[in-house]
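# Structural characterization, general
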Amino acid sequence: MKSLRLLTISIGILAFNFGLIGQASFQEKTTNASNVRLNVTNIGTFGNAFRGYRDGTGNPSGEYPAGSGIEHLFEGGIWIGGKENGGQVVVSTSAYDAPQGYAPGRGGFEFSIDSTITGAARNLQEKSSLFDSRYFSPNAVSHQDYIATFSDANIVVPGTQIPINDHTRPMNVKVEMQTYNWNYSFTDFMVIVNLKFTNEGNNTYQDVYTALWNNAVVRNINITAAGAGGEYSPVFLTID
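Residues numbered from 1 in each chain as written. Predicted model: local features only at pLDDT ≥ 70, side-chain atom pairs only at ≥ 80, totals over all residues. Heavy atoms only, no water.

Of regular secondary structure, the chain possesses 1 helix and 17 strands. Counting all 240 residues of the chain, 51% fall into the buried class. On the chain, roughly 10,800 Å² of surface is accessible, and the fraction owed to carbon and sulfur atoms is 49%. (Helix = DSSP H or I, 4+ residues; strand = E, 2+ residues; numbered from the N terminus. Buried < 20%, exposed > 50% of the residue type's maximum accessible area, 1.4 Å probe, protein only. Areas by Shrake-Rupley, 256 points an atom, 1.4 Å probe, with all protein chains shown as cover.)

Moving on to the pattern of salt bridges. Per the counting criterion, the structure on display carries 6 salt bridges. When the shortest N-O distance is used, the salt bridge between Lys29 and Glu126 registers 3.6 Å. Of the two residues, Lys29 is situated in strand 3 (residues 28-30) and Glu126 in strand 11 (residues 125-127); the sequence distance between them amounts to 97 residues. Using a relative accessible area of 24% as the deciding quantity, one classes Lys29 as partly exposed. A salt bridge links Asp207 to Lys83, with the nearest nitrogen and oxygen atoms 3.8 Å apart. Placement of Asp207 in strand 15 (residues 205-216) and of Lys83 in strand 8 (residues 75-83) is noted, with a sequence separation of 124 residues between them. Judged by its relative accessible area of 35%, Lys83 is partly exposed. (Salt bridge = Lys/Arg side-chain N within 4 Å of Asp/Glu carboxyl O.)

Turning to the pairing of strand 4 (residues 37-41), a few remarks are in order. For strand 4, the buried fraction is high: 4 of the 5 residues fall into the buried class. When strand 3 meets strand 4, the two strands line up antiparallel, connected through 3 bridges. Bridging from a neighbouring strand, Lys29 pairs with Val40 of strand 4. (Pairing = 2+ DSSP bridges.)

In this section: the pairing of strand 13 (residues 173-181). Summarising burial for strand 13: 8 of the 9 residues are buried, a large majority. Relative to strand 13, strand 12 (residues 144-151) runs antiparallel, the two being bridged by 8 bridges. Bridged to Ile147 within strand 13 is Gln178. Relative to strand 14 (residues 190-199), strand 13 runs antiparallel, the two being bridged by 8 bridges.

Right, let's talk about unusual backbone geometry for a bit. The omega angle of the peptide bond from Tyr64 to Pro65 is -5 degrees, so this bond is cis rather than trans. When you line up the elements, Pro65 lands in the loop between strand 6 (62-63) and strand 7 (70-71). The backbone of Ala49 shows a phi angle near 55 degrees, a positive value even though the residue is not glycine. Position of Ala49 relative to the elements: it lies in the loop between strand 5 (45-46) and helix 1 (51-54). Phi at Asp207 takes a positive value of approximately 50 degrees, unusual for a residue other than glycine.

Turning next to empty space enclosed by the protein. Its boundaries defined by the atoms lining it, the largest cavity holds a volume of some 40 Å³. Lining the largest cavity are 10 residues; nearest its centre among them are Tyr102, Gly105, Phe109, Val157 and Ile164. Within this model, the second largest cavity holds a volume of roughly 30 Å³. What lines the second largest cavity is Phe26, Glu28, Asn39, Thr41, Thr45, Gly47, Asn48, Arg51, Glu75 and Tyr102. In terms of residue class, the lining of the second largest cavity is made up of 2 nonpolar, 5 polar and 3 charged. (1 Å grid on protein atoms, 1.4 Å probe; cavity = no way out; pocket = protein on both sides within 12 Å on 5 of 7 lines; lining within 4 Å. Points joined across faces, edges and corners; volume = space filled by probe spheres on them. Nonpolar A, V, L, I, M, F, W, Y, C, P; charged D, E, K, R; others polar.)

A complete count under the given rule lists 10 aromatic pairs for this structure. Ring centres 5.9 Å apart and planes at 90 degrees place the aromatic pair Phe111 and Phe150 in the edge-to-face group. Of the two residues, Phe111 sits in the loop between strand 9 (89-93) and strand 10 (112-113) while Phe150 sits in strand 12, which places them 39 residues apart along the sequence. (Phe/Tyr/Trp six-rings, centres within 6.5 Å; stacked < 30°, edge-to-face > 60°.)

Without other data, these values stay purely geometric and don't point to any function.
Listed below in structure tokens is the structure:
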């Protein structure tokens, strides 16, 4: 039996393995220190559902090697679930199988910015251990850290009146996320994701499981357009 109070996990994401902004504070960045171009957001999703190719920005989703046009990830996110005291199973997810990807209020995208946090801490922050970087910080872990805090506690998208579809039983879990990547040749194929889950509600959960769900797509968008049909293969990496 496992109960959730504080749970920390580290996940290595290997790039070779796998009309939007209604939320006032939605932010996204793309890793560029390593040879992986991974889209990271402050609401717990990875990849951008190839939106960058549809909206003209050209922002990659999960490209490796950088500049190749070879994508490995449509969209992904964290799942967490457990049993409440009465035995009811509850699950919260930050991403789900959606052909158009994330949109404010769309079902399955149940995490949003932590409304209890104010100021710059709501932002998707960047730090770097490189002295010549504009983001240099002595507290940085890698050449490019992305840092965000988000939660499943909201049932309405913060900053809007949009309800999150079918999200009526939040677990009140806060997630602190850091992603790390380096420009070393021996680490240029990966981005490490570190996640800390904290139960901020009144319920205690047993048999807690966490997972990283990825809608994995391998495609060279220079040959097969992002909007064309193709195989989409959801992949779970489960940590219990």
